[in-house]
Amino acid sequence: MIIVMQQGASRDELAEVKKRIRDLGYKPHVIHGATRNVIGAVGDERGKSVLQSLESLPGVENVVPILKPFKLASREVKPEPSEVEIAPGLVVGGKELIVIAGPCSVESEEQIVGTAKSVKQAGAKLLRGGAYKPRTSPYSFQGMEEDGLKLLATARAETGLPIVTEVVNPRDVELVARYADVMQVGARNVQNFALLKMLGQLDKPILLKRGMATTIQEFLMSAEYILSEGNQKVILCERGIRTFETATRNTLDISAVPVLKGQTHLPVIIDPSHATGHAHLVPSMCYASVAAGADGLIVEVHPTPETAASDGPQSLRPAEFSAMMEKLTLFASAAERSL
Ligand code: PEP
Ligand code: MN
C-alpha cells in the first residue's frame, strides 16, 4: 500500500504513521518527493487491507494499493526518477550520461592500471573489472579474487576512478564490499535471492544485471529484493537476452530501456559488450542506447583483446573506446544529455 502524506504534513505525523505501519506488521519505506512524502508499506500481501485504516490519521491524504507486484521499484510509489550517488558529484540517473569501462577480468597491475588511465582519459567515470568471474565452464579462468580486488584499489588510487566489480557468492559480499564502490550482480545471479538480500543490507550502490532469460517483471522483482531490505541504490543493467539468434552473443533488448523507464524510477544502463559479443558491434549499440534513453553504459575495454583472459572478442581497444566516446558526445547532445 502507498500512504500518501498531505503536503505540509509534519515530521511527527510522518513518524506516527511509520509507527502504526510497523504495529500492523508491515515495513515502512519513506520516499521523499518534491512536493509531498509517501510511505510504501510492504509486507504480507494477504492482510494488507488493514493498512486502509491509516487513512484517518492526521497528515494522511489517502491510502492506495500498489498495483504492480514490484512495489518500491515502481513508479506508482515514486513517480520521479531516482539518482544513485556513487561519489560526491557523481550520480547515475541524472542529466549526465555515465560511462563505465574496463576489462572483463583483472589480470595484472599493468593491465588494470593502464586500462584505467586510458578509459579515464577518454571520459569514463568509473572503472570496471572482474576479480570473481562467473564462467560458463569450471575450466575457464575464474578471476584473481582478492588479489584482483587489491589491483582494482591500486587503479582507483592512481586514477581516482571509482570501481565496479562483481560479487558472485554471498560468502564474499563483505570482502568485495571492502574494495568496491559499486557491487555488480551478474546475469547468472539475478535470481540469487540470498545474495540480493545481503546486498540489500549494504549502504552501497548495486549494479543489477538482467538475466539472459529474465522477463522485465522478474528483473524488477529482483531489484525489489534489494530495495525491500533497505538499500535504495540500485542501478539496472540490460545486457542482452537469449533468443534464437546466433549472429550475436545475446540479443540486446533495446526496448527494455523505455519499458523499464515507464515502470520504474531506477536508473537504467546498457552493456553493449555482453549483448553483442563482438567489438565491432559495440559502438553502434552505445549510440542506440543513448537514443533509447539509457542513463549510461558499461563497456569492456582491454589493451590487447587478443590476449585477454576472458571476453577478448567483445572488448574494445583503448583507441577504439576513445573514438566511440568522441562520437557519443553527438548522440548525447541530441538526447539532451551531457557526457
Ligand atoms: C561481466 O560483466 O563480465 C559479466 C560476466 O557479465 P554478465 O553477468 O552480464 O554476463
Ligand atoms: Mn565479460
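You'll find the structure just up there.
A brief look at the structure comes next. (Residues numbered from 1 in each chain as written. Chains lettered and ligands numbered in written order. Predicted model: local features only at pLDDT ≥ 70, side-chain atom pairs only at ≥ 80, totals over all residues. Heavy atoms only, no water.)

### Regarding helix α10 (residues 318–334)
Then comes step 1: In a regular helix each residue adds 1.5 Å, so 17 residues correspond to 24 Å; α10 covers 25 Å between its end C-alpha atoms and thus fits that length.
Then comes step 2: At Leu-328, α10 shows its largest kink, close to 25°.
Then comes step 3: For α10, every residue scored as buried is listed here: Phe-321, Met-324, Met-325, Leu-328 and Ala-332.
Then comes step 4: Its buried side turned inward, α10 meets β7 (98–102), α2 (109–122), α9 (282–292) and β14 (296–300).
Then comes step 5: Where α10 ends, the next residue or the one after it, Glu-336, has phi of about 55°, a positive value. (Helix = DSSP H or I, 4+ residues; strand = E, 2+ residues; numbered from the N terminus. Expected span 1.5 Å × (residues − 1). Bend = angle between axes of the 7 residues up to and from the residue. Buried < 20%, exposed > 50% of the residue type's maximum accessible area, 1.4 Å probe, protein only. Contact = heavy atoms within 4.5 Å.)

### Quick look at the coordination of the manganese ion (ligand 2)
Then comes step 1: Around the manganese ion (ligand 2), the donor atoms from the protein are Cys-104 (SG), His-274 (NE2), Glu-300 (OE) and Asp-311 (OD), and they sit 2.0 to 2.4 Å away.
Then comes step 2: All donor residues of the manganese ion (ligand 2) come from one chain, and their arrangement in sequence is C-x169-H-x25-E-x10-D. Of this pair, His-274 sits in helix α8 (residues 272–276) while Asp-311 sits in the loop between β14 and α10, and the two are 37 residues apart along the sequence. Accessibility classification places His-274 together with Asp-311 in one group, the buried group. (Donors = N, O, S within 2.8 Å, 3.2 Å for Na, K, Ca; no water.)

### Quick word on the pairing of β14
Then comes step 1: The element β14 is largely enclosed, with a buried count of 5 among its 5 residues.
Then comes step 2: Burial of the side chains of β14 extends over both faces: Gly-296, Ile-298 and Glu-300 are buried on one face and Leu-297 and Val-299 on the other.
Then comes step 3: Taken together, the 5 bridges between β7 and β14 define a ladder with parallel strand orientation. When the bridges of β14 are listed, Ala-101 appears paired with Val-299.
Then comes step 4: Note: strand β13 (residues 268–270) against β14, 2 bridges, orientation parallel. Note that in β14 the partner of Ile-270 across the bridge is Leu-297. (Pairing = 2+ DSSP bridges.)

### Topic: the nonpolar core
Then comes step 1: Residues Leu-127, Met-183, Leu-208, Leu-236, Val-299, Phe-321 and Leu-328 are the most contacted members of the largest nonpolar core, which totals 69 residues.
Then comes step 2: A per-element tally of this core places helix α6 (residues 216–228) first, with 6 residues. (Core = buried A, V, L, I, M, F, W, Y, C linked by side-chain atoms within 4.5 Å.)

### Things to note about the sheet that holds strand β3 (residues 37–42)
Then comes step 1: Spatial ordering of the open sheet is given by β2-β3-β1-β4, a layout of 4 strands whose pairing is antiparallel. Each of the sheet's edge strands pairs with one partner strand only, and the pair in question is β2 (27–32) and β4 (60–64). This sheet shows a mean twist of 20° between the axes of neighbouring strands, independent of strand direction.
Then comes step 2: Where strand β1 (residues 2–5) and β4 come together, 4 bridges link them in antiparallel fashion. Within β4, the position partnered with Ile-2 by the bridge is Val-64. (Axes fitted to C-alpha atoms, helices over the stretch in contact; angles between N-to-C directions.)

### Description of the sheet that holds strand β9 (residues 163–166)
Then comes step 1: Spatially, the 8 strands close up into a barrel ordered β7-β8-β9-β10-β11-β12-β13-β14, and their pairing is parallel. Averaged over all pairs of adjacent strands, the angle between their axes in this sheet comes to 25°, without regard to strand direction.
Then comes step 2: The sheet contact formed by β7 and strand β8 (residues 126–128) spans 2 bridges and is parallel. Directly across from Ala-101, in β8, lies its bridge partner Leu-127.

### Here we look at the environment of Glu-218
Then comes step 1: Looking at the secondary structure, you find Glu-218 in helix α6.
Then comes step 2: The partly exposed category is assigned to Glu-218, whose relative accessible area is 32%.
Then comes step 3: Through-space distance from the C-alpha of Glu-218 to that of Asp-23 is 30 Å; in sequence the pair is 195 residues apart.
Then comes step 4: With near-sequence residues (within four places) excluded, Glu-218 lies in contact with Gln-191 and Ala-213.
Then comes step 5: In terms of polar contacts, Glu-218 uses its side chain to reach the backbone amide nitrogen of Thr-215, at 2.9 Å. (Polar contact = N/O pair within 3.5 Å; in protein donor to acceptor, adjacent residues only side chain to side chain.)

### Section: the environment of Val-91
Then comes step 1: Its place among the elements puts Val-91 in strand β6 (residues 90–92).
Then comes step 2: With 33 residues separating them in the primary sequence, Val-91 and Ala-124 have C-alpha atoms 13 Å apart.
Then comes step 3: Setting aside its immediate chain neighbours within four residues, Val-91 contacts Glu-83, Val-84, Glu-85 and Ile-98.

### A short note on unusual backbone geometry
Then comes step 1: Residue Asp-311 is not a glycine yet carries a positive backbone phi of 55°.
Then comes step 2: Non-glycine residue Glu-336 carries a positive phi angle of around 55°.
Then comes step 3: As for its placement among the helices and strands, Glu-336 is situated in the segment after α10.
Then comes step 4: Residue classification places Glu-336 among the exposed residues on the basis of a relative accessible area of 61%.

Coordinates in, geometry out; function isn't part of it.
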